[in-house]
Amino acid sequence: MGKKICILNGSPRPNGNTKELIKRFTAGAEAAGHEAACFDLQKMDIHGCLGCCKGGKDQASPCVQKDDMDRIYPFYRAADVVVLASPMYYWGISGQLKCAFDRLFAVAELTPDYENPKKECALLMAAEGGTESNFAPVRAFYEGLAARLGWKNRGVVYAGGNMDAGDILSKPDQLEAAEKLGRSM
């Protein structure tokens, strides 16, 4: 039986480099028999976390804020794998992705000990710079996040040298890496 994969796309570009990574990852995952749902966060009405710690009272809509996160929560809760997809912004993930991810805390509030659901995870990231030092801050964030949540890191595709939308189309090795990661789920 295939896995359920929830992809959170933090790119503001509808046809940017991150989206190309997602397309290839999804093709690989579906070819391997998995089911993937992608949420383009830029197109959604998602508000920042209020830090109120008053969520967790409604299984279907765990946050007190009622916005498009209610479309994501059921997929997130059912997912075996969560894929964070983002362009690099100031050596981190995009604000769109951070905002949505922070709001997933409402799901942890459904449990008495604020326990996050156990998942597998992956990261897809397009960036202008392509050096190890360029990706180091993102790597630290992502690996720290996975470790703190108790999630199993299934892999990362760091796709450097991609500034303008479409740059990645001339880098088949990066797209193939995303597809291979999707198949490996």
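Everything below is about the structure printed above this text.
Draft legend 1. Local environment of the pattern of salt bridges. Within this structure, the stated rule accounts for 11 salt bridges. In this structure, Glu132 and Arg139 form a salt bridge, with 3.0 Å as the shortest nitrogen-oxygen distance. By relative accessible area, which is 21% here, Arg139 ends up partly exposed. Arg183 serves as the salt-bridge partner of Glu179, at 3.4 Å between the closest nitrogen and oxygen. Here Glu179 pairs with Arg183, and both are found in helix α6 (residues 172-184), just four residues apart, close to one helical turn. Connected through salt bridges with shared partners, the residues Lys3, Glu120 and Arg154 form a single ionic network.

Draft legend 2. Local environment of the packing of aromatic side chains. Summed over the entire model, instances satisfying the criterion amount to six aromatic pairs. Here Tyr76 and Trp151 contribute two aromatic rings whose centre-to-centre distance is 6.4 Å and whose plane-to-plane angle is 45°, an arrangement assigned as tilted. Placement of Tyr76 in helix α2 (residues 69-78) and of Trp151 in the loop between α5 (132-149) and β5 (152-159) is noted, with a sequence separation of 75 residues between them. Residue Tyr76 is classed as buried on the basis of its relative accessible area, which comes to 1%. Trp151 gets classed as buried once you look at its relative accessible area, which sits at 8%. Residues Phe105 and Tyr114 carry aromatic rings whose centres are separated by 5.7 Å and whose planes lie at 25° to one another, so their mutual orientation is stacked. Of the residues examined, Phe105 reaches a relative accessible area of 32% and is grouped as partly exposed. Put simply, the rings of Tyr76, Phe101 and Trp151 pair up and form one aromatic cluster. Of note, Lys119 hangs over the ring of Tyr76, and the distance from its end group to the ring centre comes to 5.2 Å.

Quick notes on the rules
- Per chain, residue numbering runs from 1 following the sequence as it is written.
- For a predicted model such as this one, the threshold for reporting local features is a pLDDT of at least 70, and the threshold for listing and counting side-chain atom pairs is 80 or more; totals across whole chains, interfaces and linings nevertheless cover every residue.
- Note: side-chain values were computed over all heavy atoms of the structure, leaving out hydrogens and water.
- Here a salt bridge means any side-chain nitrogen of Lys or Arg lying within 4 Å of a carboxyl oxygen belonging to Asp or Glu.
- Type-normalised accessible area, obtained with a 1.4 Å probe on protein chains alone, sets the label of each residue: buried when under 20%, exposed when over 50%, and partly exposed for intermediate values.
- Numbering goes from the N terminus for both helices and strands, where a helix is a DSSP run of H or I of at least four residues and a strand is a run of E of at least two.
- For Phe, Tyr and Trp, where Trp contributes only its six-membered ring, two rings pair if their centres lie within 6.5 Å, and the inter-plane angle classes them as stacked under 30 degrees, edge-to-face over 60, or tilted in between.
- Whether a charge lies above a ring is judged from NZ of Lys or CZ of Arg, which has to be within 6 Å of the ring centre and within 35 degrees of the ring normal.

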